[in-house]
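# Fold and geometry: a report
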Amino acid sequence: MTPLLSVRDLRIAYSGSDVVHGVDVDVPDGPYGVGLIGESGSGKTTIARALLRLHPVSGGSVSFDGQDVLGLRGAALSEYRRSAQIVFQDGDGALDPRMSVYSTVAEPFAVHRTVPRSERRARVALLLDEVGLPADVSTRYPHQLSGGQRQRVVIARALALEPRLLVLDEPTSALDVTVQERVLRLIERLRAERGLAYLLISHNLAVVDRLCESSVVLYRGVVMERGSTVTLLSRPLHPYTRALRAAVPEIGVTRPPLTHVATGASTPGAPTGCVYADRCPLAVEICRTETPALRELDGRDVACHRAEEATAAGS
Ligand SMILES: Nc1ncnc2c1ncn2[C@@H]1O[C@H](COP(=O)(O)OP(=O)(O)O)[C@@H](O)[C@H]1O
Ligand code: SF4
Ligand SMILES: [Mg+2]
(Lines give C-alpha, C1' and ligand atoms only; values in the text may rest on other atoms or scores of the structure.)
(Ligands and ions follow the chains in the order given, each with its own letter.)
Protein backbone atom coordinates (compact mmCIF):
# COMPACT_ATOMS: atom_id res chain seq x y z
CA MET A 1 0.00 0.00 0.00
CA THR A 2 1.31 3.46 -0.87
CA PRO A 3 2.14 5.38 2.29
CA LEU A 4 0.36 8.68 2.97
CA LEU A 5 3.71 10.44 3.42
CA SER A 6 6.85 9.14 1.78
CA VAL A 7 10.21 10.80 2.33
CA ARG A 8 13.27 9.74 0.35
CA ASP A 9 16.90 10.75 0.69
CA LEU A 10 15.96 14.02 2.38
CA ARG A 11 18.87 16.42 2.78
CA ILE A 12 18.62 19.76 4.54
CA ALA A 13 21.23 22.43 5.15
CA TYR A 14 21.71 25.58 7.19
CA SER A 15 23.95 28.13 5.48
CA GLY A 16 25.21 25.55 3.01
CA SER A 17 26.18 22.98 5.62
CA ASP A 18 24.08 19.79 5.68
CA VAL A 19 22.50 18.78 8.99
CA VAL A 20 20.16 16.10 7.59
CA HIS A 21 22.00 13.61 5.41
CA GLY A 22 19.62 11.51 3.32
CA VAL A 23 16.70 10.47 5.52
CA ASP A 24 13.95 8.05 4.42
CA VAL A 25 10.65 7.90 6.35
CA ASP A 26 7.23 6.52 5.46
CA VAL A 27 4.00 7.31 7.29
CA PRO A 28 1.10 5.00 6.33
CA ASP A 29 -2.49 6.20 6.23
CA GLY A 30 -4.09 6.57 9.67
CA PRO A 31 -4.80 5.51 12.23
CA TYR A 32 -1.04 5.05 12.44
CA GLY A 33 1.87 6.60 14.33
CA VAL A 34 5.50 6.77 13.32
CA GLY A 35 8.04 7.82 15.94
CA LEU A 36 11.08 9.91 15.09
CA ILE A 37 13.52 9.39 17.93
CA GLY A 38 16.79 11.13 18.58
CA GLU A 39 18.49 13.38 21.07
CA SER A 40 18.58 17.13 20.87
CA GLY A 41 20.37 18.44 17.79
CA SER A 42 19.84 15.30 15.67
CA GLY A 43 17.71 17.19 13.12
CA LYS A 44 14.16 16.24 14.11
CA THR A 45 12.65 19.73 14.09
CA THR A 46 14.51 20.59 10.89
CA ILE A 47 12.95 17.54 9.20
CA ALA A 48 9.49 18.41 10.57
CA ARG A 49 9.73 21.95 9.23
CA ALA A 50 10.94 20.77 5.84
CA LEU A 51 8.08 18.27 5.54
CA LEU A 52 5.62 21.12 6.07
CA ARG A 53 7.47 23.29 3.53
CA LEU A 54 8.60 25.68 6.27
CA HIS A 55 12.27 25.13 5.46
CA PRO A 56 13.88 24.47 2.06
CA VAL A 57 15.59 21.16 1.37
CA SER A 58 18.87 20.65 -0.44
CA GLY A 59 17.86 17.30 -1.94
CA GLY A 60 15.54 14.32 -1.89
CA SER A 61 11.80 13.96 -2.31
CA VAL A 62 8.64 14.17 -0.21
CA SER A 63 5.35 12.80 -1.47
CA PHE A 64 1.96 13.09 0.21
CA ASP A 65 -0.93 11.05 -1.09
CA GLY A 66 1.05 10.54 -4.31
CA GLN A 67 1.75 14.27 -4.84
CA ASP A 68 5.23 15.77 -5.03
CA VAL A 69 5.15 18.06 -1.98
CA LEU A 70 8.35 19.93 -2.80
CA GLY A 71 6.97 21.01 -6.18
CA LEU A 72 3.62 22.30 -4.87
CA ARG A 73 2.70 25.93 -5.57
CA GLY A 74 -0.32 28.18 -5.10
CA ALA A 75 -3.65 26.47 -4.49
CA ALA A 76 -2.10 22.98 -4.35
CA LEU A 77 0.36 24.10 -1.66
CA SER A 78 -2.48 25.70 0.29
CA GLU A 79 -4.45 22.45 0.06
CA TYR A 80 -1.42 20.50 1.35
CA ARG A 81 -1.16 22.93 4.25
CA ARG A 82 -4.71 22.03 5.21
CA SER A 83 -4.05 18.29 5.02
CA ALA A 84 -0.77 18.26 6.95
CA GLN A 85 -0.47 20.19 10.22
CA ILE A 86 2.37 20.64 12.66
CA VAL A 87 2.20 20.94 16.45
CA PHE A 88 5.34 22.39 17.96
CA GLN A 89 6.54 21.93 21.48
CA ASP A 90 4.91 24.43 23.87
CA GLY A 91 7.05 27.52 24.30
CA ASP A 92 8.22 27.55 20.69
CA GLY A 93 6.10 30.62 20.11
CA ALA A 94 3.30 28.53 18.64
CA LEU A 95 0.64 30.93 19.92
CA ASP A 96 0.37 34.63 19.18
CA PRO A 97 0.21 36.35 22.61
CA ARG A 98 -2.11 39.05 21.20
CA MET A 99 -4.73 36.60 19.94
CA SER A 100 -7.52 35.15 22.08
CA VAL A 101 -8.10 31.40 22.07
CA TYR A 102 -11.17 31.92 19.90
CA SER A 103 -9.26 33.93 17.28
CA THR A 104 -6.38 31.45 17.34
CA VAL A 105 -8.56 28.41 16.72
CA ALA A 106 -10.86 30.18 14.23
CA GLU A 107 -8.06 31.75 12.18
CA PRO A 108 -7.51 28.71 9.90
CA PHE A 109 -11.21 28.85 8.92
CA ALA A 110 -10.74 32.42 7.73
CA VAL A 111 -7.37 31.86 6.06
CA HIS A 112 -8.54 28.78 4.15
CA ARG A 113 -12.16 29.99 3.84
CA THR A 114 -13.47 26.58 4.88
CA VAL A 115 -16.14 27.64 7.39
CA PRO A 116 -18.46 30.65 6.96
CA ARG A 117 -18.20 33.34 9.61
CA SER A 118 -21.64 32.57 11.02
CA GLU A 119 -20.63 28.99 11.83
CA ARG A 120 -17.20 29.63 13.30
CA ARG A 121 -18.27 30.10 16.95
CA ALA A 122 -19.99 26.74 16.99
CA ARG A 123 -17.06 25.00 15.27
CA VAL A 124 -14.52 26.47 17.70
CA ALA A 125 -16.69 25.34 20.62
CA LEU A 126 -16.72 21.79 19.21
CA LEU A 127 -12.96 21.79 18.75
CA LEU A 128 -12.32 23.08 22.28
CA ASP A 129 -14.59 20.39 23.61
CA GLU A 130 -12.80 17.76 21.53
CA VAL A 131 -9.44 18.62 23.09
CA GLY A 132 -10.97 18.76 26.57
CA LEU A 133 -11.01 22.52 27.17
CA PRO A 134 -13.95 24.32 28.81
CA ALA A 135 -15.85 26.70 26.50
CA ASP A 136 -14.96 29.73 28.62
CA VAL A 137 -11.26 29.60 27.65
CA SER A 138 -12.20 31.02 24.26
CA THR A 139 -12.01 34.61 25.52
CA ARG A 140 -8.64 34.10 27.23
CA TYR A 141 -5.16 34.91 25.98
CA PRO A 142 -2.14 32.58 25.97
CA HIS A 143 -0.58 34.09 29.13
CA GLN A 144 -3.80 33.29 31.02
CA LEU A 145 -3.52 29.57 30.25
CA SER A 146 -1.46 26.75 31.75
CA GLY A 147 1.14 24.95 29.62
CA GLY A 148 -1.20 21.99 29.14
CA GLN A 149 -4.09 24.26 28.12
CA ARG A 150 -1.88 26.10 25.64
CA GLN A 151 -0.82 22.81 24.06
CA ARG A 152 -4.49 21.80 23.75
CA VAL A 153 -5.24 25.09 22.01
CA VAL A 154 -2.39 24.41 19.58
CA ILE A 155 -3.81 20.94 18.90
CA ALA A 156 -7.37 22.30 18.49
CA ARG A 157 -6.09 24.79 15.94
CA ALA A 158 -4.17 22.06 14.10
CA LEU A 159 -7.35 19.96 13.95
CA ALA A 160 -9.53 22.81 12.68
CA LEU A 161 -8.89 21.99 9.03
CA GLU A 162 -9.41 18.24 9.52
CA PRO A 163 -5.88 17.23 8.55
CA ARG A 164 -4.96 13.70 7.51
CA LEU A 165 -1.46 14.01 8.90
CA LEU A 166 -0.16 15.62 12.08
CA VAL A 167 3.50 16.22 12.71
CA LEU A 168 3.87 16.42 16.47
CA ASP A 169 7.22 17.89 17.47
CA GLU A 170 7.87 16.91 21.09
CA PRO A 171 4.25 17.74 21.95
CA THR A 172 4.61 16.94 25.64
CA SER A 173 8.23 17.61 26.52
CA ALA A 174 7.58 21.09 27.95
CA LEU A 175 4.77 19.82 30.18
CA ASP A 176 4.86 18.33 33.66
CA VAL A 177 4.17 14.61 34.00
CA THR A 178 0.45 14.75 34.88
CA VAL A 179 -0.31 17.17 32.06
CA GLN A 180 1.87 15.13 29.72
CA GLU A 181 -0.28 12.11 30.46
CA ARG A 182 -3.46 14.02 29.60
CA VAL A 183 -2.05 15.21 26.29
CA LEU A 184 -0.89 11.67 25.43
CA ARG A 185 -4.39 10.38 26.13
CA LEU A 186 -5.78 13.13 23.93
CA ILE A 187 -3.52 12.03 21.04
CA GLU A 188 -4.64 8.42 21.54
CA ARG A 189 -8.27 9.44 21.45
CA LEU A 190 -7.91 11.68 18.39
CA ARG A 191 -6.09 8.91 16.58
CA ALA A 192 -8.93 6.46 17.28
CA GLU A 193 -11.76 8.90 16.60
CA ARG A 194 -10.33 10.75 13.63
CA GLY A 195 -8.21 7.98 12.14
CA LEU A 196 -5.22 10.33 12.19
CA ALA A 197 -1.78 9.49 10.88
CA TYR A 198 1.06 11.21 12.67
CA LEU A 199 4.79 11.56 12.81
CA LEU A 200 5.61 11.89 16.49
CA ILE A 201 8.94 13.43 17.29
CA SER A 202 10.27 12.59 20.71
CA HIS A 203 13.35 11.77 22.69
CA ASN A 204 11.19 9.81 25.10
CA LEU A 205 11.04 6.11 24.17
CA ALA A 206 8.12 5.47 26.50
CA VAL A 207 6.00 7.99 24.58
CA VAL A 208 6.90 6.45 21.23
CA ASP A 209 6.31 2.95 22.60
CA ARG A 210 2.81 3.93 23.54
CA LEU A 211 1.75 5.88 20.46
CA CYS A 212 3.75 4.61 17.47
CA GLU A 213 3.59 1.36 15.50
CA SER A 214 6.92 2.02 13.84
CA SER A 215 9.92 4.18 14.62
CA VAL A 216 12.98 5.75 13.10
CA VAL A 217 16.08 6.36 15.22
CA LEU A 218 18.03 9.41 14.10
CA TYR A 219 21.53 10.50 15.12
CA ARG A 220 23.24 13.60 13.71
CA GLY A 221 20.86 13.71 10.76
CA VAL A 222 21.39 10.05 9.78
CA VAL A 223 18.96 7.13 10.27
CA MET A 224 20.59 4.58 12.58
CA GLU A 225 17.79 2.04 12.75
CA ARG A 226 14.13 1.79 11.82
CA GLY A 227 11.38 -0.78 12.02
CA SER A 228 8.42 -1.72 14.15
CA THR A 229 8.60 -0.02 17.55
CA VAL A 230 8.16 -3.37 19.30
CA THR A 231 11.12 -4.86 17.42
CA LEU A 232 13.35 -1.86 18.05
CA LEU A 233 12.55 -1.74 21.74
CA SER A 234 12.57 -5.49 22.39
CA ARG A 235 15.66 -6.32 20.28
CA PRO A 236 17.54 -3.14 19.39
CA LEU A 237 20.56 -3.89 17.17
CA HIS A 238 22.19 -0.52 16.65
CA PRO A 239 24.53 0.45 19.51
CA TYR A 240 22.82 3.86 19.72
CA THR A 241 19.32 2.36 19.92
CA ARG A 242 20.66 -0.06 22.52
CA ALA A 243 22.04 2.80 24.62
CA LEU A 244 18.70 4.63 24.45
CA ARG A 245 16.81 1.45 25.30
CA ALA A 246 19.09 0.49 28.18
CA ALA A 247 18.29 3.82 29.85
CA VAL A 248 14.57 3.00 30.06
CA PRO A 249 14.28 -0.48 31.58
CA GLU A 250 10.61 0.01 32.40
CA ILE A 251 9.09 1.10 29.13
CA GLY A 252 5.50 2.16 29.60
CA VAL A 253 6.35 4.56 32.42
CA THR A 254 6.77 8.19 31.46
CA ARG A 255 10.32 9.18 32.28
CA PRO A 256 12.52 12.21 31.96
CA PRO A 257 14.21 12.85 28.60
CA LEU A 258 17.03 10.54 27.63
CA THR A 259 19.62 13.17 26.89
CA HIS A 260 21.70 12.10 29.89
CA VAL A 261 22.25 8.59 28.47
CA ALA A 262 25.31 9.00 26.36
CA THR A 263 28.09 11.51 26.61
CA GLY A 264 28.99 14.14 24.02
CA ALA A 265 26.72 16.30 21.91
CA SER A 266 25.29 16.01 18.44
CA THR A 267 27.09 18.36 16.12
CA PRO A 268 26.51 18.82 12.42
CA GLY A 269 29.08 17.93 9.80
CA ALA A 270 29.41 15.94 6.61
CA PRO A 271 29.63 12.31 7.67
CA THR A 272 32.60 10.15 6.70
CA GLY A 273 32.25 6.72 8.19
CA CYS A 274 29.70 6.11 10.92
CA VAL A 275 28.41 9.32 12.59
CA TYR A 276 28.13 7.43 15.87
CA ALA A 277 31.76 6.23 15.89
CA ASP A 278 33.00 8.82 18.41
CA ARG A 279 30.59 7.53 21.02
CA CYS A 280 30.27 3.88 20.06
CA PRO A 281 31.79 1.27 22.37
CA LEU A 282 32.02 -1.18 19.43
CA ALA A 283 33.75 1.18 16.97
CA VAL A 284 36.57 -0.36 14.92
CA GLU A 285 38.72 0.96 12.08
CA ILE A 286 36.18 0.38 9.28
CA CYS A 287 33.61 2.45 11.20
CA ARG A 288 35.69 5.58 10.67
CA THR A 289 36.40 5.02 6.98
CA GLU A 290 33.23 3.46 5.54
CA THR A 291 29.71 4.79 6.04
CA PRO A 292 27.49 1.89 7.08
CA ALA A 293 24.51 1.55 4.71
CA LEU A 294 21.01 1.05 6.09
CA ARG A 295 20.35 -2.66 5.49
CA GLU A 296 17.75 -5.20 6.43
CA LEU A 297 18.63 -7.47 9.31
CA ASP A 298 16.48 -9.45 11.68
CA GLY A 299 13.20 -7.80 10.70
CA ARG A 300 14.27 -4.13 10.65
CA ASP A 301 16.71 -1.80 8.88
CA VAL A 302 19.95 -0.95 10.64
CA ALA A 303 23.02 1.10 9.69
CA CYS A 304 25.91 -0.51 11.56
CA HIS A 305 28.90 -2.56 10.39
CA ARG A 306 28.69 -4.71 13.50
CA ALA A 307 24.92 -5.18 13.90
CA GLU A 308 25.26 -8.98 13.53
CA GLU A 309 27.15 -9.07 16.81
CA ALA A 310 24.13 -7.71 18.65
CA THR A 311 21.97 -10.43 17.05
CA ALA A 312 24.54 -13.08 17.97
CA ALA A 313 24.61 -11.77 21.55
CA GLY A 314 20.86 -12.41 21.63
CA SER A 315 19.94 -8.89 22.69
N1 LIG B 1 18.27 28.19 12.40
C2 LIG B 1 19.36 27.40 12.41
N3 LIG B 1 20.53 27.84 11.90
C4 LIG B 1 21.64 27.05 11.91
N5 LIG B 1 21.67 25.81 12.41
C6 LIG B 1 20.54 25.33 12.94
C7 LIG B 1 19.34 26.10 12.98
N8 LIG B 1 18.36 25.35 13.58
C9 LIG B 1 18.95 24.17 13.89
N10 LIG B 1 20.25 24.16 13.52
C11 LIG B 1 21.19 23.04 13.69
O12 LIG B 1 20.68 21.92 12.98
C13 LIG B 1 20.86 20.74 13.74
C14 LIG B 1 19.53 20.07 13.96
O15 LIG B 1 18.71 20.90 14.79
P16 LIG B 1 17.22 20.53 15.13
O17 LIG B 1 16.52 20.13 13.88
O18 LIG B 1 16.65 21.64 15.91
O19 LIG B 1 17.42 19.23 16.05
P20 LIG B 1 16.40 18.54 17.05
O21 LIG B 1 15.02 19.00 16.75
O22 LIG B 1 16.59 17.07 16.81
O23 LIG B 1 16.85 18.92 18.41
C24 LIG B 1 21.55 21.14 15.03
O25 LIG B 1 22.92 20.90 14.89
C26 LIG B 1 21.26 22.61 15.14
O27 LIG B 1 22.30 23.27 15.80
S1 SF4 C 1 29.15 1.18 12.44
FE2 SF4 C 1 30.74 0.97 14.00
S3 SF4 C 1 30.77 2.93 15.09
FE4 SF4 C 1 28.85 2.83 13.93
S5 SF4 C 1 27.38 2.03 15.37
FE6 SF4 C 1 28.21 0.27 14.26
S7 SF4 C 1 29.93 -0.49 15.44
FE8 SF4 C 1 29.43 1.55 16.21
MG1 LIG D 1 13.63 19.87 18.06
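Look above for the structure.
Okay, so let's go over this structure. Predicted, not measured: the structure shown is a model, and the values here were computed from it. (Residues numbered from 1 in each chain as written. Chains lettered and ligands numbered in written order. Predicted model: local features only at pLDDT ≥ 70, side-chain atom pairs only at ≥ 80, totals over all residues.)

## Describing the overall build of the protein chain
Helices and strands together make up the secondary structure of the protein chain, namely eleven helices and twelve strands. A compact globule built from 315 residues would reach a C-alpha radius of gyration of about 20 Å, and the protein chain, at 20 Å, matches this within 12%. In terms of principal-axis extent, the alpha carbons of the protein chain reach across some 65 × 40 × 35 Å. Across the protein chain, contacts joining residues at least 24 apart in sequence account for 66% of those joining residues at least 6 apart. (Helix = DSSP H or I, 4+ residues; strand = E, 2+ residues; numbered from the N terminus. Rg over C-alpha atoms; globule rule 2.2 N^0.38 Å. Contact = placed C-beta atoms within 7 Å.)

## What to know about the packing of helix H3 (residues 101-111) against helix H5 (residues 147-159)
Closest axis-to-axis distance for the H3/H5 pair is 7 Å, and the angle between their directions is 25°. Here H5 runs roughly parallel to H3, going by the angle between their axes. By crossing handedness, the relation of H3 to H5 is classed as right-handed. Residues Val 101, Thr 104, Val 105 and Pro 108 of H3 pack against Val 153, Ala 156 and Arg 157 of H5. For the contact of H3 with H5, a count of residues per class yields five nonpolar, one polar and one charged. (Axes fitted to C-alpha atoms, helices over the stretch in contact; angles between N-to-C directions. Parallel < 35°, antiparallel > 145°, perpendicular 65-115°, else oblique. Left-handed = near helix turned anticlockwise from the far one by under 90°. Nonpolar A, V, L, I, M, F, W, Y, C, P; charged D, E, K, R; others polar.)

## Here's the deal with the site of ligand 1
Of all residues adjacent to ligand 1, which total eleven residues, the nearest are Tyr 14, Val 19, Lys 44, Thr 45 and Thr 46. Tallying contributions element by element places helix H1 (residues 44-51) first for the shell around ligand 1, with three residues. When its residues are assigned to classes, the shell around ligand 1 shows three nonpolar, seven polar and one charged. (Near = placed C-beta within 6 Å.)

## Brief notes about the environment of Ser 6
Mapped onto the secondary structure, Ser 6 falls in strand S1 (residues 5-14). It is 7.7 Å that separates the C-alpha atoms of Ser 6 and Asp 24, two residues lying 18 residues apart in sequence. Here Ser 6 is in contact with Asp 26 and Ser 63, once residues within four sequence places are set aside.

## Remarks on the sheet that holds strand S6 (residues 84-87)
Taken together, eight strands build an open sheet; the order of strands is S6-S7-S8-S3-S9-S10-S12-S11 and the sheet is mixed. A single partner strand is all that each edge strand has here, and the edge strands are S6 and strand S11 (295-297). With direction set aside, neighbouring strand axes in the sheet form an average angle of 20°. Two elements, strand S3 (residues 32-37) and strand S8 (residues 197-202), share six bridges in a ladder whose sense is parallel. Residue pairing across strands places Ile 37 opposite Ser 202, the latter belonging to S8. Here H1 sits on the sheet in contact with S3, S6, strand S7 (165-169), S8 and strand S9 (214-219), set at roughly 155° to S7. (Pairing = 2+ DSSP bridges.)

## A look at the sheet that holds S1
Either a parallel or an antiparallel arrangement is found when strands of a sheet pair, and the pairing is made through backbone hydrogen bonds. An order of S2-S1-S4-S5 is seen for the four strands of this open sheet, with the pairing classed as antiparallel. Edge positions in the sheet fall to strand S2 (17-27) and strand S5 (67-68), since each has one partner strand and no second. Pairing of S1 with strand S4 (residues 59-64) involves five bridges; the strand directions are antiparallel. Along S4, the bridge assignment pairs Leu 5 with Phe 64. Helix-sheet contacts for H1 involve S1, S2 and S4, and the interaxial angle to S1 is about 115°.

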